Structure formats: structure tokens, C-alpha cells
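Next come the chains, spelled out residue by residue.
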Amino acid sequence: MFGLPDISGYSMFLVICAIMAAGAFFFVIQATTELVTQAQTQRIVNRRLQFKDKFASTSEAMVELRKSRGLDADGNFAMPLERFNRLVVRSGLPYQPLRWAAMSAAGALVAAVAYIHFVGGLLPAVGIALAVFFVAPLFVLKHVAGKRRKKLAAQLPDALQIVCRSLEAGHPVATAVSLVAREMPDPIGTEFGMTADEVSYGFSLTNAVQRMAERSGDPDVELFGATVRLQEKTGGNLCDLLKANTTTIRERQTMRLKVKAASSEGRMSALILTAAPFLVMLAIHLTRPEFYGNVIHDPLIRYGFAGLFVWMFIGNLVMRKMINFKM
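Draft legend 1. Highlighting helix α8 (residues 188-200). If you check α8, its first and last C-alpha atoms are 18 Å apart, about what 13 residues at 1.5 Å a residue would give, namely 18 Å. Of all the 13 residues making up α8, 11 are buried; the element is thus mostly covered by neighbouring parts of the structure. Looking only at α8, the buried set comprises I188, G189, T190, E191, F192, G193, M194, T195, A196, D197 and E198. At the exit of α8 stands G202, carrying a positive phi of roughly 115°.

Draft legend 2. Quick look at unusual backbone geometry. Going from D186 to P187, the amide bond is cis rather than trans, its omega being 10°. Tracing the chain through its elements places P187 in the loop between α7 (173-183) and α8.

Draft legend 3. Expanded view of the packing of aromatic side chains. The tally for this structure, following the rule as stated, stands at 5 aromatic pairs. Relative to F309, the ring of F278 lies with its centre 5.9 Å away and its plane at 5°, an arrangement referred to as stacked. With F278 in helix α12 (residues 264-287) and F309 in helix α14 (residues 299-323), this residue pair connects regions lying 31 residues apart in the sequence. Look at F278 and you get partly exposed, because its relative accessible area is 40%.

Draft legend 4. Structural context of the nonpolar core. The biggest cluster of nonpolar side chains holds 25 residues, and the ones touching the most others in it are L156, V163, V180, I188, F192, F224 and L242. Elements with a contribution of two residues or more to this core: α6 (122-168), α7, α8, α9 (205-216), α10 (219-234) and α11 (238-262).

Draft legend 5. Geometry of α9. With 12 residues, α9 extends 16 Å between its outermost C-alpha atoms, agreeing within 8% with the 16 Å of an ideal straight helix rising 1.5 Å per residue. Along α9, the positions that sit buried rather than exposed are T206, A208, V209, R211, M212, A213, R215 and S216. Residues of α9 that are buried make contact with α4 (82-91), α6, α8 and α10. Once α9 ends, the next one or two residues include G217, with phi positive near 70°.

Draft legend 6. Structural context of the layout of surface pockets. Its boundaries defined by the atoms lining it, the largest pocket holds a volume of some 2,100 Å³. For the largest pocket, the lining is made up of 40 residues, of which G146, R149, K150, R320 and N324 are closest to its centre. Sorting the residues of the lining of the largest pocket by element identifies α4, α6, α11, α12 and α14 as the ones contributing at least two each. Its volume calculated, the second largest pocket comes out at about 900 Å³. If you trace the second largest pocket, you find 21 residues lining it, with Y115, F118, V119, I296 and F309 closest to the centre. The set of elements that each furnish at least two residues to the lining of the second largest pocket consists of α5 (97-118), α6, α12, α13 (289-293) and α14. For the lining of the second largest pocket, the leading source of residues is α14, giving 5 residues. Grouping the amino acids of the lining of the second largest pocket by side-chain chemistry returns 16 nonpolar, 4 polar and 1 charged.

Rules behind the numbers
Residues numbered from 1 in each chain as written. Predicted model: local features only at pLDDT ≥ 70, side-chain atom pairs only at ≥ 80, totals over all residues. Heavy atoms only, no water. Helix = DSSP H or I, 4+ residues; strand = E, 2+ residues; numbered from the N terminus. Expected span 1.5 Å × (residues − 1). Buried < 20%, exposed > 50% of the residue type's maximum accessible area, 1.4 Å probe, protein only. Phe/Tyr/Trp six-rings, centres within 6.5 Å; stacked < 30°, edge-to-face > 60°. Core = buried A, V, L, I, M, F, W, Y, C linked by side-chain atoms within 4.5 Å. Contact = heavy atoms within 4.5 Å. 1 Å grid on protein atoms, 1.4 Å probe; cavity = no way out; pocket = protein on both sides within 12 Å on 5 of 7 lines; lining within 4 Å. Points joined across faces, edges and corners; volume = space filled by probe spheres on them. Nonpolar A, V, L, I, M, F, W, Y, C, P; charged D, E, K, R; others polar.

Set out below in C-alpha cells:
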């Protein structure tokens, strides 16, 4: 009647076995997913603790953790290019320059070979390879750093609530900060853990929080640092200030989500307008290979394609400027 299969002709034993098998299948999937999620969470939470387990003292673990983030032994930026150093630190990736260079070289080689194979021309291929080798890592680091910053900002209100509850229970500030490092996952756990270690080894809370703001590059963390500096200079109840700070941060995050929702139509339009020419070219190439194959070696066609790509890049920059609201 409603399009449901008629199971009256089947044996009830087979039906019950099929239902039990389906239930067992979904149970296995759910259990596997939960185990993988718990393993990932445990790995993320214990990342800083793994450094402490590898070394005899906390100071050695703190130094190695700094070096793995692209900092020197004192926690300062170690590279001569400070902007690149900040990007490396804010990405949270293990600083492995040789591995990064090898991956960039492999990507540059693949891009150059693909250009020579499909288009031809050694000189443009060399230019593309150099561009991929030097520019692609910057884009990857910037993307990873942006995702990490957003995740850290989303975790910050919960971390400040943990600090407030610990202070209300009578714990000192260093203990409250280290509690966040033990209870919360990365990236907020590692950042607060590094701050707690610096406080334990002689830094003032203001300087340690300021270093955390520099490492994270998030305006909400900078607001947290400004709150700590204000409390140190003027006095007052730090717990009340952090509660007000938490409310402000949540309101700012809500406003950012509203702005993101308001600009979603523009972002989707930009995505469609960017992808449509490539999809059309792919469809034409698959259905009519001779459409571009007969003229692809013409220099005028190559220059025309290069001009179109440049014009598309400019259009994407304009659309990004239109939908990227600063707050």
C-alpha cells in the first residue's frame, strides 16, 4: 500500500537474523567510530604530556616543546623572518623545515611535469614550479593557522570558566591555568600548558599570557591578556573580570557567526563562479577532446588562457574583498 516490501513470504527466522545482523553492523560502526574519536582526543590532549614523559625534567620538556613550535629555548621567535615565524608558530604544526622543503619540492615537480605534459613549454613550467615551491607552503600554513585560531577561540570561553571555578575554589592562578592544560584538548590545552610552565619558571602571569596571545594571534586571547594586565595594574577581583571577559568573548563570537551567515550567499556565489569555467572546460575536453586539442599549441590560445586565469584571480580577490568583513 505504501510501497513497503511484503515480508510475509519470507521465513521469520531469516527476517530476525537479518535484523540482528543489521543491528550488529551498525553497532560495530558506532563502536569503531567512538574508539577512533577517543584515540584522537587522547592523542591531542596528551601531546604536551608526551613531551614531559620523554624528558627527565619539566624544563627540558618546555624547551623542546618551544623548539618544536619554531621558537628558541627562551620562547622567543627564532627565525629572522618574523612574519613567517609567527605563521609557523600559529599553525601549531611541528617545525620540520627539511620535510616541508621536500614536500614543497615534490609538489613543485608534479605541477611542472603536469604543465609540460598538458600544455608544453619549459620556461613557464620552471616559473610554476618556483611559485608552487615558495607560495604553496605559505598558503598551507595560513590555512592551518586560521583553522587552529578559530578552534582556539571557540575553546577559550570554556577555558576561562575553568580558571574562574578554580579561583573560586581557592586555587592560585598558576594552578588554575595548569588545570586548563590538563583538562582541555589542543590547541587551548597546549597554549595554557606553555603559559603555566612559564609562570612556574619565573615569568609573571601578565608576560606569560602576553606570550600566549602572540603565539595564538587571536583577538579574543589578546582581550584576555588585556584583562590580566588591567587587573595587575588596577587590582580587583580577577574572577569577576574573567567572567565579564567570557561574556564579551561569547557575544563577539555570536556576532561573527551572524556575519558569516549573512555573507554565506556571496561566498557560495564566488565558489560557483570560480568552479563553473573549470567544470565546463573539463566536460568539453571529455566529450570533445579535439575542441581544445587542435588549438592548444597556438601561442595566442596560451596567452589567452593565461589572461583569463589572471582575470579570474583578480575577480576572486574582488569578491573576497566584498564578503570578508573585518570585526
